[in-house]
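Examination of the molecular architecture
Read off the chains here:
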Amino acid sequence: MPSFSDLLIVVAVAFAAPFLLGLFPRVRLPSVVLEIVAGIVVGPSLLGLVEVDQTIEVLALIGLGFVLFLAGLEIEFEKLRGQVLRLTALAFVVSFAIAVVVGFGLSAAGLVETPLLVAIILCATSLGVIVPVLKDTGEISSPFGQLIVAAASIADFGAIILLTLFFSGEGGVGSTLLLLGALAVLAVVVFGAVRGAEHSVRIRRDLLRLQDTTAQIRVRAAIVLFVGFAAIAAELGFEVILGTFIAGAIISLLDRDEVMTHPDFRRKLEAIGFGFFIPIFFVTSGVRFDLDALVADLSNVAMVPVFLAALLLVRGLPALLYRRLLDSRRTLVAGILQATSLPFIVAASAIGLELGLIDAAEGAALIGAGLLSVLVFPVLGLALLRGGAEAAPSDAPREPAREPAALTAM
């Protein structure tokens, strides 16, 4: 019979982390950092109050899926076009190329076991962390903010596809590509079917009637897509995060009709994810964090700053391509913010540990570097942006020649 004893401690920690941060608004610390750190404290590494039982395991897996589901939900595909799309896509390609060089360099030095997996992990950007920084400075709607959010979205999507292509499929790269193609075709079919159903007056009236009743019909439909694509991805031999990301992207594409869109629809989905499942995932990630393996050898601890520097190199250097659109200060800030990554590092490290591609110490060092990136890079970027706001008007970012892309914040 499922136990709720350990789960009680996990959800209590999930509540306490943002609540305590809210009492000290001047402390600019993302709650996810405190959730993971608190998980380490209550987990086997320190106090030993919590163990990951079957109940927590299932809820944490759903939480992981929700992280990518909501990330896919926030992508505005119709605005990813023009010069911004070309630049950010090219920047990601350059980023991955640098990551491969860094990964194999670390492997040659005997520091990592699977260089390609490490390269993919280093390519992601934490959209949910950098968006508040852009909002704090009023840059979220500016060409600069739009560029950064677009780059982060492409990095998240590209990292998921690369992880799936090289490490999630059950066959070779060729068979994995075929299965990915089949999943993409299915997504198009589902999108077309739902879009067609939206034109039915009867269905539209039914949705409007049930959307704010106990049926919460729109939310239930979204959950069907969430679970359905997660199940299909798993059946095809992929990680569930690919399926849930696609489900979120489908809803993002569908949720455009002004008549069909409910103003609280996305807020309800975020309440489910951020209110319950996602914090359980992050606290559980802290519980699973193998602190003993990390501190067992000083060389393991030394890997944390190495991975942090690798993040800055892999994601920061390609920002030089943005010089066509931005001034020097904002180009520097873009590189720093792009190097901020944590959720994907946690997810990919867990997959690597499960598949035996990385050891516990390497996984802990990667997560440690991700924690430091979330602590250091947004604060540094925020300071530089605020310093730029005090500069002369001549230091403002140059307007792009073409209409920039924009993405909403996560």
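Residues numbered from 1 in each chain as written. Predicted model: local features only at pLDDT ≥ 70, side-chain atom pairs only at ≥ 80, totals over all residues. Heavy atoms only, no water.

**Describing the overall build of the protein chain**
For the protein chain, the count of helices and strands is 17 helices and zero strands. Put simply, the protein chain has 410 residues, and 51% of those count as buried. Contacts spanning at least 24 positions in sequence make up 80% of the contacts within the protein chain whose residues lie at least 6 apart. Carbon together with sulfur atoms contributes 67% to the accessible area of the protein chain, which is approximately 18,000 Å² in total. (Helix = DSSP H or I, 4+ residues; strand = E, 2+ residues; numbered from the N terminus. Buried < 20%, exposed > 50% of the residue type's maximum accessible area, 1.4 Å probe, protein only. Contact = heavy atoms within 4.5 Å. Areas by Shrake-Rupley, 256 points an atom, 1.4 Å probe, with all protein chains shown as cover.)

**Description of the pattern of salt bridges**
If you walk through the whole model with that rule in mind, you get five salt bridges. A salt bridge links Asp-206 to Arg-209; its shortest N-O distance comes to 2.8 Å. Of this pair, Asp-206 and Arg-209 are both found in helix α9 (residues 201-210), three residues apart, which corresponds to roughly one turn of the helix. Given the relative accessible area of 56%, Arg-209 is considered exposed. (Salt bridge = Lys/Arg side-chain N within 4 Å of Asp/Glu carboxyl O.)

**Describing the nonpolar core**
Core analysis: the biggest nonpolar cluster contains 102 residues, and Ile-36, Phe-69, Leu-163, Phe-229, Leu-269, Phe-307 and Phe-344 have the highest contact counts within it. With 11 residues, the single largest contributor to this core is helix α3 (residues 54-73). For Phe-344, the residues in contact, after removing those within four places along its chain, are Ile-120, Ile-121, Ala-124, Ala-159, Ile-160, Leu-163 and Ser-349. Ranked by size, the runner-up nonpolar core spans 23 residues in total, among them Ala-151, Ala-319, Ala-334 and Leu-337. (Core = buried A, V, L, I, M, F, W, Y, C linked by side-chain atoms within 4.5 Å.)

**Some words on the packing of α3 against helix α11 (residues 240-254)**
Closest axis-to-axis distance for the α3/α11 pair is 7 Å, and the angle between their directions is 35 degrees. Pair α3 / α11 crosses with right-handed handedness. Contacts between α3 and α11 involve Leu-61, Leu-64, Gly-65, Leu-68, Phe-69, Ala-71, Gly-72 and Leu-73 on the former and, on the latter, Val-240, Ile-241, Thr-244, Phe-245, Ala-247, Gly-248, Ala-249, Ile-251 and Ser-252. Each residue belonging to the contact of α3 with α11 can be placed in one class, and the counts come to 12 nonpolar, five polar and no charged. (Axes fitted to C-alpha atoms, helices over the stretch in contact; angles between N-to-C directions. Left-handed = near helix turned anticlockwise from the far one by under 90°. Nonpolar A, V, L, I, M, F, W, Y, C, P; charged D, E, K, R; others polar.)

**As for a nonpolar patch on the surface**
Among the surface-exposed residues, Phe-15, Phe-19, Leu-20, Leu-23, Phe-24 and Val-27 lie close enough to one another that they form a single nonpolar patch of about 630 Å² accessible area. Mapped onto the secondary structure, Leu-23 falls in helix α1 (residues 5-23). Residue Leu-23 is classed as partly exposed on the basis of its relative accessible area of 49%. (Patch = residues over 30% accessible without salt bridge, like charges linked within 9 Å, V, L, I, M, F, W, Y side chains within 5 Å.)

**Comments concerning the packing of aromatic side chains**
This structure, assessed with the given rule, holds eight aromatic pairs. Where Phe-66 meets Phe-226, the ring centres are 4.7 Å apart and the plane angle is 35 degrees; that geometry is what we call tilted. Highlighted residues: Phe-66 in helix α3 and Phe-226 in helix α10 (residues 217-235), separated in sequence by 160 residues. Like Phe-226, Phe-66 is buried. Put simply, the rings of Phe-66, Phe-69, Phe-226, Phe-276 and Phe-277 touch in pairs and so form one group of aromatic residues. (Phe/Tyr/Trp six-rings, centres within 6.5 Å; stacked < 30°, edge-to-face > 60°.)

**Looking at helix α14 (residues 298-316)**
Counted at 1.5 Å a residue, the expected span for α14 with its 19 residues is 27 Å, and the 27 Å between its end C-alpha atoms agrees. Backbone nitrogen of Ser-299 and a side-chain oxygen of the N-cap are separated by 2.9 Å at the start of α14; the cap is Asp-297. (Expected span 1.5 Å × (residues − 1). Polar contact = N/O pair within 3.5 Å; in protein donor to acceptor, adjacent residues only side chain to side chain.)

**What to know about the confidence of the model for the protein chain**
The predicted model of the protein chain has a mean per-residue pLDDT of 84, with 88% of residues at 70 or higher. A low-confidence stretch, residues 392-410 (pLDDT under 50), is modelled with 54 contacts involving residues beyond four sequence positions or located in other chains. (pLDDT = per-residue confidence, 0-100.)

**Digging into the environment of Ala-215**
Secondary-structure assignment places Ala-215 in the loop between α9 and α10. Apart from the residues within four sequence positions on either side, Ala-215 is in contact with Leu-210 and Arg-220.

**A closer look at the side chain of Asp-327**
Note on placement: Asp-327 falls in the loop between α14 and α15 (328-338). Looking at Asp-327, the relative accessible area reads 11%, which means it is buried. Here the side chain of Asp-327 touches Arg-330 through a polar contact of 2.8 Å, landing on its backbone nitrogen.

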